[in-house]
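Residue-level structural notes
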Amino acid sequence: MTPVEALQRIVHCLDRAHVTGFKTKAWVRALDVVMTTAPAELEERARAGTLTELPGIGDSTARVIREAIDGEVPAYLTKLEAETVIEMSPEAAAYRTALRGDCHTHSTWSDGGARIEDMAATAIALGHEYMVLTDHSARLTIAHGLDRERLLAQLDDLAVLNERLAPFRILTGMEVDILEDGQLDLEEELLARLDVVVASVHSKLRMERPLMTQRMVLAAASPHVDILGHCTGRLIGKRPQSVFDADYVFAACARFGTAVEINSRPERLDPPKELLDLALSYGCFISIDSDAHATGQLEWQPHGCEKAAQSAVPVERVINTWPVEDLLAWTETSEAA
C-alpha cells in the first residue's frame, strides 16, 4: 500500500462514516500534498523525520505516510476500517445483495469530491454492474451545476471511460432541478440523450401546498424524468419536509412510470416511512440510491435498504436491482410513453 493509497482509503472511510468538517478536509489536504510530491522525496523525508515540514502534513498524516512507506497497513486506517463499517439487518442485506447499481451519484464535475474514474472504481469494488452519473444541472449554481457545454463534454468523457471500464457501465444522467413552475432545468434535446434523469426540488422548498404539488406532478409527468429524487427535501434535524399532496404526486409517479427514490444519505433518509408506504400503495417503482458525493458515500445504500425492508418493498419493484439492459429498456419505454 502506497502513501497515496493509504490516504485515499482513509478519506473513503471518513466519508463512509459521514465525518465532515476540518478533520476530513485535513486528510484531503494531506492527500493532495502527497499526490503532488515525488515518492522519492517522501521516502527521504520519512527517513529524515521531516515530513511535517511539507504544508498540510501533520503528525498523524506523517505517521500514516511512514507506515505505508515501511510496507505496513497504517494503524489509523486499520482502526477506521473497523469502526466505520455500515451494519445491516438480514432483511436489509437481502436488498443490498439484489442491487446491481446506483442511480444517483455525483462527481467533481459538480459538487462531488471524487473524480468519475474513482467513483466508478469504487462502484466496481462494491460489486455493482453500473452506476448512473447524475451531476447537478446549471440552475444549482452553488453545486457548480453543468450547463449545456459542460454536459456535452462530460458525455464525451463518459464514452471514453465506458470503453475502458467495460463490462461495467457508467450510464449518462443528470440530477435536474425542478423549477418553480414544474419545468425542468435542461433543454428537451439533452434530456432525451440521457440514459437516466433524476428530477429533484432544490429551491423554494417552503412553497404552499397546492403550488408544490403542481410543481412535482408536472415533473413526474415529464416523459424524460425517470426518478423523483429525495421527494420531501428534508434534512433531518435541520430542515422540515416540504408540504405537498402526496396522493397526487405518487399517483402521477405511478401513472407516468416515474420511480420514487429512497435517498440513502443519513441526513435525508427520504421519504419518511409513511410516504414510502403511500407510494407503494399506488404501485410506484422504487430506486434505492446513495446520492453519493464521494467514494465512501457509495457505501450508504444499506441505509436505504433498511428503509425498504421496513416497508417491505417488493424487490422486483426496485429498478436498480434490474440488469442494465432492463433498466435502459424501462427508461426508454417511459420516455416514449
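Residues numbered from 1 in each chain as written. Predicted model: local features only at pLDDT ≥ 70, side-chain atom pairs only at ≥ 80, totals over all residues. Heavy atoms only, no water.

**Structural notes on the nonpolar core**
Core analysis: the biggest nonpolar cluster contains 58 residues, and Ile-170, Phe-250 and Ile-288 have the highest contact counts within it. Not counting chain neighbours up to four residues away, the residues in contact with Ile-170 comprise Ile-116, Ala-120, Met-131, Leu-133, Leu-158, Leu-161, Asn-162 and Leu-165. (Core = buried A, V, L, I, M, F, W, Y, C linked by side-chain atoms within 4.5 Å. Buried < 20%, exposed > 50% of the residue type's maximum accessible area, 1.4 Å probe, protein only. Contact = heavy atoms within 4.5 Å.)

**Examining the packing of helix H2 (residues 22-35) against helix H4 (residues 59-69)**
The geometry of H2 relative to H4 is characterised by a closest axis approach of 10 Å and an angle of 50° between their N-to-C directions. In this view, H2 runs oblique relative to H4, as classed from their interaxial angle. Crossing geometry of H2 relative to H4 is assigned as right-handed. Where H2 approaches H4, its residues Trp-27, Ala-30 and Val-34 are matched on the opposing element by Ser-60, Thr-61, Val-64 and Ile-65. Tallied by class, the residues present in the contact of H2 with H4 amount to 5 nonpolar, 2 polar and no charged. (Axes fitted to C-alpha atoms, helices over the stretch in contact; angles between N-to-C directions. Helix = DSSP H or I, 4+ residues; strand = E, 2+ residues; numbered from the N terminus. Parallel < 35°, antiparallel > 145°, perpendicular 65-115°, else oblique. Left-handed = near helix turned anticlockwise from the far one by under 90°. Nonpolar A, V, L, I, M, F, W, Y, C, P; charged D, E, K, R; others polar.)

**A closer look at the pattern of salt bridges**
Applying the stated criterion across every chain, the model contains 15 salt bridges. Between Arg-148 and Glu-187 there is a salt bridge, and its shortest N-O distance comes to 2.5 Å. Of this pair, Arg-148 sits in helix H8 (residues 148-165) while Glu-187 is found in the loop between strand S3 (169-177) and helix H9 (188-193), placing the two residues 39 residues apart along the sequence. Overall, Glu-187 belongs to the partly exposed group, its relative accessible area being 38%. (Salt bridge = Lys/Arg side-chain N within 4 Å of Asp/Glu carboxyl O.)

**With respect to H8**
What sets the pattern is the α-helix's 3.6 residues per turn: residues three or four places apart point alike. Under the 1.5 Å per step criterion, the end-to-end length of H8 is 25 Å for 18 residues, consistent within 8% with the ideal 26 Å. Of the surrounding secondary structure, the elements contacted by the buried residues of H8 are helix H7 (116-125), strand S2 (130-133), S3 and H9. (Expected span 1.5 Å × (residues − 1).)

Fair warning: the whole summary comes from geometry, so function is off the table for now.
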